[in-house]
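Descriptive structure summary
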Amino acid sequence: MQIALYQPDIPQNTGTIMRLCACMGVAAHIIEPAGFAVSDRNFRRSGMDYLDQVDWRRHDSWTRFEEWRRSAGHRLLLFTTKGATPYLDFSYQASDILLFGRETAGVPEAVAQAADARLVIPIRPTLRSLNVAMAAAMALAEALRQTGHA
């Protein structure tokens, strides 16, 4: 299981997700450009000393990430408020990549089209969305539970 962040723009959320990946033993990917430098103190503070414990990789563009993903044969699961399938009703595989978009803009349609599935975490209809770090934790927990890696 892996988590990918498409052009993240809030360093604290990215650091928190990287810490989640370290604790759960899953790889992480940051698809550039990010809205902050990896040396950002907010990113480092949120990730704490866990950043040295996570297997992570930076991809300098969506195109490069897609080339890598396709050559490795991983499914791409996009978590989006516009998703068609509730995340609890989906069957995960251990080699899946869980993709989360920018906090401010999600992902462009071309990225959404590349996904093998568009999943949604249902919330109350009057509210806009969950924090991306919370959504990543919920999604990863379910994916790991289903694949027996929790």
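Everything here concerns the structure above.
Presented here is an overview of the structure given in this document. Keep in mind the model is a prediction, meaning the values are calculated, not measured. (Residues numbered from 1 in each chain as written. Predicted model: local features only at pLDDT ≥ 70, side-chain atom pairs only at ≥ 80, totals over all residues. Heavy atoms only, no water.)

Counting its secondary structure elements, the protein contains 5 helices and 7 strands. Secondary structure elements of the protein, listed N to C terminal, follow the sequence β-α-β-α-β-α-β-β-β-α-β-α. Since a compact globule built from 150 residues should have a radius of gyration of about 15 Å, the 14 Å found for the protein is in line with a globular shape. The principal-axis extent of the C-alpha atoms belonging to the protein is close to 40 × 35 × 30 Å. (Helix = DSSP H or I, 4+ residues; strand = E, 2+ residues; numbered from the N terminus. Rg over C-alpha atoms; globule rule 2.2 N^0.38 Å.)

The buried fraction of strand β2 (residues 27-31) is high, at 5 of 5 residues. Pairing of strand β1 (residues 2-6) with β2 involves 5 bridges; the strand directions are parallel. Following the sheet pairing, Ile3 is matched in β2 by Ala28. In terms of handedness, the path from β1 via helix α1 (residues 11-24) over to β2 forms a crossover that is right-handed. Where β2 lies against strand β3 (residues 56-59), 4 bridges are found, and the strand directions are parallel. Note that in β3 the partner of Ile30 across the bridge is Arg58. (Buried < 20%, exposed > 50% of the residue type's maximum accessible area, 1.4 Å probe, protein only. Pairing = 2+ DSSP bridges. Right-handed = clockwise from strand over helix to strand, strands pointing away.)

Pairs can form between side chains of opposite charge once their charged atoms are near each other. All chains considered together, the criterion is met by 9 salt bridges. Salt-bridge contacts for Glu66 lead to Arg70; the nearest nitrogen and oxygen are separated by 3.0 Å. Of the two residues, Glu66 and Arg70 are both situated in helix α3 (residues 62-72); the distance of 4 residues between them amounts to about one turn of the helix. By relative accessible area, Glu66 is classed as buried at 8%. Residue classification places Arg70 among the exposed residues on the basis of a relative accessible area of 55%. Between Arg145 and Glu142 there is a salt bridge, with its nearest N and O atoms 2.8 Å apart. (Salt bridge = Lys/Arg side-chain N within 4 Å of Asp/Glu carboxyl O.)

This paragraph deals with unusual backbone geometry. Residue Glu32 is joined to Pro33 through a cis peptide bond whose omega torsion reads 0°. In this structure, Pro33 sits in the loop between β2 and α2 (41-47).

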